[in-house]
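Descriptive structure summary
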Amino acid sequence: HIVCTGADNGKGMSADRLQAVMEGKAKSRFTGMSVHNVNERLKLHYGRQYGIQFTSAEGCGTAAIVRFPAIPLE
């Protein structure tokens, strides 16, 4: 598997906000369908065990994990 992670030390997100981002329902200039769309495309292409996962807590920042299979070159 290939796992890419990134984190910040920003203000974080509430559980409701995080759920809205993952469902493509977040209202913001910087969010929208993109996270939801990329997550769904990864799952459709590679399987339900792959995709984007976020962890966040208000006041503690946000971390993102993107997981997809390593496909050997032939």
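Counting restarts for each chain: residues are numbered from 1 in the order of the written sequence. In view of the model being predicted, local features appear only for residues whose pLDDT reaches at least 70, and side-chain atom pairs are presented and counted only at 80 or more, with totals across whole chains, interfaces and linings using the full set of residues. Working from all heavy atoms in the structure, the side-chain values ignore hydrogens and water.

With that settled, the discussion passes to the packing of aromatic side chains. For this analysis, a ring pair means two rings from Phe, Tyr or Trp (six-membered ring only for Trp) whose centres lie within 6.5 Å, classed as stacked if their planes differ by under 30 degrees, edge-to-face if by over 60, and tilted for the remaining angles. In total, this model carries 1 aromatic pair according to the counting rule given. Where tyrosine 46 meets tyrosine 50, the ring centres are 6.3 Å apart and the plane angle is 75°; that geometry is what we call edge-to-face. Relative accessible area serves as the criterion here: at 30%, tyrosine 46 is assigned to the partly exposed category. Relative accessibility decides the category of a residue: with a 1.4 Å probe and only protein chains considered, values under 20% of the type maximum give buried, values over 50% give exposed, and everything between is partly exposed.

What follows is about the environment of alanine 15. Only DSSP runs of H or I covering at least 4 residues are called helices, and only runs of E covering at least 2 are called strands; the numbering of each starts at the N terminus. Looking at the element boundaries, alanine 15 is found in helix 1 (residues 15–22). The exposed category is assigned to alanine 15, whose relative accessible area is 63%. The spatial distance from the C-alpha of alanine 15 to the C-alpha of glycine 47 is 25 Å, given a sequence separation of 32 residues.

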